[in-house]
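These are the residues of each chain, in order.
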Amino acid sequence: MKDTLELFFFGVYPYIALTVFFVGSLLRFEREQYTWKSDSSQLLRTGSLRWGSNLFHVSIIALFFTHMVGLLTPPEVYHIFVTTEAKQMMAIVVGAILGIMCLVGLLLLIHRRWTEIRLAHNSNLSDWVTLLWILLVLVVGIASIFTSLQHTNGAVMIQLGEWAQRIVTFRSGAVGALEGVPGVYRLHMVLGMTLFVIFPFTRLVHVWSGFASVAYLARAWQIVRPR
């Protein structure tokens, strides 16, 4: 039973999550463009929005890219610059700083949405599922830092990277690469992959628009003529 669950969550579920993430986002954009928005609540109440929003968005974007680079960069590449042990400590320090920043920002946003009457009335189930699920992923991720401090040689980090690289390159043996990896990492991984599953059904889809806005840098100038 244990082997079956491991095969599903770490050998099959990643592809389910990625399929739902990409295909679901495409279908949402094609079929429900009027729902493709962040549903900003700034007009309803500013309050702690500036601090909460800035802390949350800056840190969670940084967390996403540091996770992606850290997991998908082969040891042969990063060994040109740092050792495995140094990369492990860098990941711990940077992860702790960004994780705390994200946690503070997220708690400010949750408190604001919960205590402001107009915001509470204009919040739907998907808003709360999104916020609370990100909170859960974040708390487990921060908790994993204490486990990382117990093995600073970077062995587990190499295992996690090997798993991710085998998944994205469609190579076999991904599940076996996680042998002996502590449960807190496995839980963090499953919760993180589930965030990709719920992504297309929430306001998180506006993240795509944020990345697409880079195209404005190359767009032709708009000509505005006065009357």
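Whatever comes next refers back to the structure up there.
Residues numbered from 1 in each chain as written. Predicted model: local features only at pLDDT ≥ 70, side-chain atom pairs only at ≥ 80, totals over all residues. Heavy atoms only, no water.

Draft legend 1. Broad picture of the packing of helix 1 (residues 2-31) against helix 8 (residues 183-198). Running from amino to carboxyl end, helix 1 crosses helix 8 at an angle of 25°, the nearest separation of the two axes being 8 Å. Taken together, the axis directions place helix 1 and helix 8 in an arrangement best described as roughly parallel. For the crossing formed where helix 1 meets helix 8, the hand is left-handed. In this structure, helix 1 contributes Glu6, Phe9, Phe10, Tyr13, Pro14, Ala17, Val20 and Phe21 to the contact, and helix 8 contributes Arg186, Met189, Val190, Met193, Thr194, Phe196 and Val197. Here the residues of the contact of helix 1 with helix 8 are counted per class, giving 12 nonpolar, 1 polar and 2 charged. (Axes fitted to C-alpha atoms, helices over the stretch in contact; angles between N-to-C directions. Helix = DSSP H or I, 4+ residues; strand = E, 2+ residues; numbered from the N terminus. Parallel < 35°, antiparallel > 145°, perpendicular 65-115°, else oblique. Left-handed = near helix turned anticlockwise from the far one by under 90°. Contact = heavy atoms within 4.5 Å. Nonpolar A, V, L, I, M, F, W, Y, C, P; charged D, E, K, R; others polar.)

Draft legend 2. Quick peek at the nonpolar core. The biggest cluster of nonpolar side chains holds 21 residues, and the ones touching the most others in it are Phe56, Leu106, Ile110, Ile134 and Leu138. Among the secondary structure elements, those contributing two or more residues to this core are helix 2 (49-72), helix 4 (84-115), helix 6 (125-148) and helix 8. Looking at this core element by element, the count peaks at 6 residues for helix 6. Counting 17 residues, the second largest nonpolar core, distinct from the first, contains Leu160, Trp163, Ala177 and Val197. (Core = buried A, V, L, I, M, F, W, Y, C linked by side-chain atoms within 4.5 Å. Buried < 20%, exposed > 50% of the residue type's maximum accessible area, 1.4 Å probe, protein only.)

Draft legend 3. A look at empty space enclosed by the protein. Scanning the model with the defined rule gives 1 cavity of 30 Å³ or more in all. In this structure, the largest cavity encloses a volume near 70 Å³. Along its surface, the largest cavity is lined by Gly70, Thr73, Pro75, Tyr78, Lys87, Met157, Ile158, Gly161, Glu162 and Gln165. If you list the elements that add at least two residues to the lining of the largest cavity, you get helix 3 (75-78) and helix 7 (155-168). Among the elements that make up the lining of the largest cavity, the one with the highest residue count is helix 7 (5 residues). Partitioning the lining of the largest cavity into residue classes produces 4 nonpolar, 4 polar and 2 charged. (1 Å grid on protein atoms, 1.4 Å probe; cavity = no way out; pocket = protein on both sides within 12 Å on 5 of 7 lines; lining within 4 Å. Points joined across faces, edges and corners; volume = space filled by probe spheres on them.)

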